[in-house]
Amino acid sequence: MSTDTAVPGPPPTPRSPTLDVAALRAATPGMRHARHMNAAGAALPSAATLAAVTDHLRLESLLGGYEAAEALADRTERVYQSAARLIGAAPQDIALVDSASTAWQRALGALRLKAGDRVLASSSTYVSSALHLLEMRDSHGIVLEVLPADASGQVDLGALETALREPAALVTIAHVPTSSGLVEPVAAVGALAARAGVPLLLDATQSLGQLPVDVQEMHCGIVVATGRKFLRGPRGTGLLYVDPELRARTRPAAPDVRGAEWSSAYQYEVVPGARRYETWESSHALRLGLGAALDEALDLGVALIRDHVTELAERLRAGLSGVPGIRRTDPPAAASGIVTFLREDEDPRQTVRDLRATGFRLTTVPASHGQWDLGRRGLERVARASLHVYNSADDVDALVAALTARERRRRGARVANVETVSRTASGLPSGVTPGSPTPTSAGPEPASPTPRSAGPEPGSPTPTFTGPEPGSATSTTTVPEPASASPQPAPSSRPTGSPGDRADVIVVGAGIHGSSAAWQLAARGASVIHLDRFPAGHTEGSSHGRTRMIRRAYPAEIWDGLVDTAYNAWQELELASGQRLVTTTGGLYARAAGAPGTLRGPGCENVDHARAAELFPGLRLCEGFSAVHDPAAGVIDAQAALTALAALGRAHGVDRRDGCAVLCWRRDGEGVRVDTAQGVLHAGRLVVCAGPWTGELLPAFARPLSVVRIVNLHLGSSRRHLLEPPLLGAFSVDVPDVGLLYGIPAFGGAGVKIGLDHGPPEDPSAPAGPVTEAERDRLLGLASRFLPAADGPVEETITCRYTMAPKNRFAVGRLPGEDRVLMAAACSGHGFKFGPALGAALADLVEGKERPDLDFLSPAAMGITDRPGPGAGA
């Protein structure tokens with residue numbers, strides 16, 4: 001007899017626990033400013049660790065140092081307990097010191113090594129430890145033997161076993177060296193040393209906090225470690241473990257009142273535990289900060305931390321393997337969160353400087369910090385990245401993309417030089433290679449996902465880019481030539497009517513919006529001619545200068561969706577370019593209490609002047625001011641953004657023509673004809689992003705738009721740190737009877753930037769004049785009022801132009817009556833942050849997609865509903 005019985009399946013496999021990286025990043029203030037990958041140097045502390053330090057310093061200021069230490073004595077005792085739990089020891093076996101080097105020196109001093117004592121050291125030994133051993137060899141006569149490494153890079157266990165057949169006083173090994181991601185087989189080394197009756201001194205400086213350390217399993221007699229690295233504690237902290245049996249037969253070489261009692265005139269007694277190695281004077285605030293960091297590591301679990309950082313490190317090593325010109329320098333036994341590498345034909349210091357300029361925090365390690373390792377391997381210096389719990393796969397991928405993009409630019413420059421020589425020899429114009437009438441791709445595509453909206457949506461008509469048809473109805477707009485005083489384009493050698501004078505789309509204007517649109521269109525497969533009336537790098541428009549502000553705080557909810565799109569678009573541009581372009585600093589936007597027009601936005605909060613001073617000590621607001629705090633606000637690297645967009649455009653085949661003024665345009669059949677100072681061009685679509693010259697190209701906008709002059713100053717400081725993040729972020733102050741003062745913190749080597757968001761009308765056909773003394777003095781007076789630390793010289797003066805529209809709105813969309821002409825203009829002084837987002841929107845519109853999210857910025861919303869206007873013709 002049989003019955004149908006359901007056979008239960010295996011129980012679901014429990015999901016491996018993972019770290020909440022987003023929460024850890026949010027709790028780490030330093031991650032707002034850069035991609036920090038230098039945990040092996042000094043990891044970023046959490047907000048809780050920072051608070052533990054500053055709270056105690058504040059308590060000392062109120063009670064006094066001794067009294068504050070007494071008040072929190074129980075908390076200090078818990079630091080010993082947490083340290084002991086982390087390494088599997090007892091609290092009485094722990095001494096708190098100011099560094100791993102101090103711990104090492106006190107431990108070795110207690111061993112009282114003498115002439116003839118053998119010390120066996122691994123090649124992974126840290127520089128300060130090696131220097132101490134070399135000095136003891138010279139001054140004390142100890143015998144120093146450096147153990148060889150095997151093929152994997154780890155200490156050769158066979159050589160160690162052989163060496164231990166002779167009497168030895170000490171074996172010392174670094175769990176993880178400073179010079180690579182190597183992990184030494186400490187448990188095996190400890191077992192061999194224990195069998196021979198020789199104490200093992202473990203340097204856990206680079207491992208404690210990222211790898212499990214258990215003094216019993218590893219047979220450690222001594223452990224030294226620092227707080228500032230993978231433990232994420234404050235600088236100036238460290239710990240020392242000494243095994244009780246070893247401690248019973250050693251005494252501190254220099255006892256202190258903290259670790260000994262002066263019992264009679266000529267006698268003293270050391271205290272029973274490891275605190276005999278401490279000194280009385282220490283920073284209780286830093287020790288409490290170390291305790292907070294230890295507790296965080298224990299709460300997370302070191303095994304989980306290990307899994308996270310080693311996974312990221314393996315991802316980075318794999319990514320580096322695919323970057324041309326990059327050589328990984330980690331040995332085969334690398335299994336920690338440290339990754340080292342080199343770029344061919346480049347000093348690692350230059351590699352790190354370039355990465356730092358784009359928002360990555362790495363460092364280099366010279367052979368002088370590891371002669372027994374790097375020197376042995378013939379490496380003068382390596383670049384080092386080291387990852388921690390606040391890093392994500394996105395950080396790793398961004399670093400690989402940055403290195404890839406930079407290598408591509410280096411190689412592309414070499415290829416371009418060769419091509420230039422070839423063209424010169426063949427007599428061909430620039431941009432035309434033999435045998436290819438129209439340039440379509442200037443280089444390989446970036447190693448990144450295709451930019452957003454990479455093609456038509458499923459089910460939508462396939463966009464077609466058609467040229468003009470003869471005999472069709474036309475309309476014409478005539479544009480005045482630039483004034484003779486302005487920079488003039490050089491005569492063109494491009495023959496009129498050549499294949500290079502036709503494209504799917506012509507983009508006019510090479511500021512942030514035009515450059516973004518040109519890249520997006522080319523990345524989606526369109527051929528693009530990109531025009532600007534001035535030479536590259538000019539300062540006549542609105543997109544030049546070092547930095548811009550990005551913020552979520554806006555006056556009305558209608559902006560929130562576009563702001564979200566803007567933030568996402570910058571992330572996509574960063575990924576495509578391999579550069580850090582946006583740095584989060586937070587922002588404060590202040591006005592007199594009760595004044596109308598307060599900003600608001602997702603994640604923003606209202607604060608009073610006292611709270612504002614806590615958030616940004618560099619900004620001084622007097623009583624009577626309130627502010628909106630926007631934690632997501634930040635700084636855009638404007639120069640790098642424009643450079644990246646130009647490079648991405650070229651990589652996708654954009655035909656960029658600087659110094660090429662548009663004289664007039666007209667509808668020509670199913671396309672558009674554009675007359676320039678260098679010849680006639682044809683395209684299926686025209687995109688106008690002409691900034692202050694919009695009214696010339698599109699006369700219907702001449703009346704509602706106005707161009708005003710804006711002045712900025714970059715100021716130096718005798719206390720520059722007060723004007724840098726995190727002590728100052730992006731800000732504005734609506735000053736009664738003056739106007740809106742805005743500023744960007746000192747950033748990228750430049751001083752704090754300030755300006756007023758209004759100015760007198762200015763004719764864009766004339767060159768912008770220099771900053772006047774009156775303009776300069778007005779801003780300096782405001783700086784002394786609101787930025788007291790901006791007491792240095794004026795480092796740079798800048799003039800630019802805002803194109804202002806009614807209600808400070810933009811005009812984005814199709815030109816009324818001309819569906820083949822699109823525009824993005826009149827950004828009213830706050831449009832740079834939307835550049836990549838509006839570039840993508842313009843590409844969508846060219847492809848025939850609707851963007852209802854931009855209806856509130858359409859030309860019709862500005863009152864432009866007819867054909868272009870006077871002079872357009874029929």
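Computed from a prediction, not measured in an experiment: that's the story for all the values here.

Undergrad: Just to check I follow, could you spell out the overall build of the chain for this structure?
TA: In terms of helices and strands, the chain carries 22 helices and 35 strands. Out of the 874 residues in the chain, the part that is buried amounts to 54%. Across the chain, contacts joining residues at least 24 apart in sequence account for 74% of those joining residues at least 6 apart. Counting every atom, the chain has about 36,600 Å² of accessible surface; 53% of that belongs to carbon and sulfur.

Undergrad: Quick question: what am I supposed to make of the packing of helix 5 (residues 73-87) against helix 11 (residues 284-300) here?
TA: Each pair of packed helices can be described by the angle between their axes along with the distance between the axes. Taken N-terminus to C-terminus, the directions of helix 5 and helix 11 make an angle of 40°; their axes are 9 Å apart at the nearest point. One way to sum up the angle between helix 5 and helix 11 is to call them oblique. Remark: the crossing between helix 5 and helix 11 carries left-handed chirality. For the pair helix 5 and helix 11, the contacting residues are R75, T76, V79, Y80, S82, A83, R85 and L86 in the first and H284, R287, L288, G291, L294, D295 and L298 in the second.

Undergrad: Help me understand helix 13 (residues 348-357) in this model?
TA: Note that an α-helix has 3.6 residues per turn; residues three or four places apart therefore point the same way. If you check which residues of helix 13 are buried, you get P348, T351, V352 and L355. Viewed along the axis of helix 13, the buried residues span an arc of 95°, placing them on a single side of the element. Looking one or two residues beyond helix 13, the residue adopting positive phi is G359, at roughly 95°.

Undergrad: Which parts of the structure should I look at to understand the sheet that holds strand 7 (residues 222-226)?
TA: Two pairing modes exist for strands in a sheet, parallel and antiparallel, and in both the strands are linked by backbone hydrogen bonds. Strand order in the open sheet made by the seven strands is 2-8-7-6-5-3-4, with mixed pairing throughout. In this open sheet, the two edge strands, each paired with only one partner strand, are strand 2 (94-97) and strand 4 (143-146). For this sheet, the mean angle separating the axes of adjacent strands, direction not counted, is 15°. Sheet topology note: the strand 3 (residues 118-121)/strand 5 (residues 170-174) ladder contains three bridges and is parallel.

The rules behind the values
Residues numbered from 1 in each chain as written. Predicted model: local features only at pLDDT ≥ 70, side-chain atom pairs only at ≥ 80, totals over all residues. Heavy atoms only, no water. Helix = DSSP H or I, 4+ residues; strand = E, 2+ residues; numbered from the N terminus. Buried < 20%, exposed > 50% of the residue type's maximum accessible area, 1.4 Å probe, protein only. Contact = heavy atoms within 4.5 Å. Areas by Shrake-Rupley, 256 points an atom, 1.4 Å probe, with all protein chains shown as cover. Axes fitted to C-alpha atoms, helices over the stretch in contact; angles between N-to-C directions. Parallel < 35°, antiparallel > 145°, perpendicular 65-115°, else oblique. Left-handed = near helix turned anticlockwise from the far one by under 90°. Arc of directions from axis to C-beta. Pairing = 2+ DSSP bridges.

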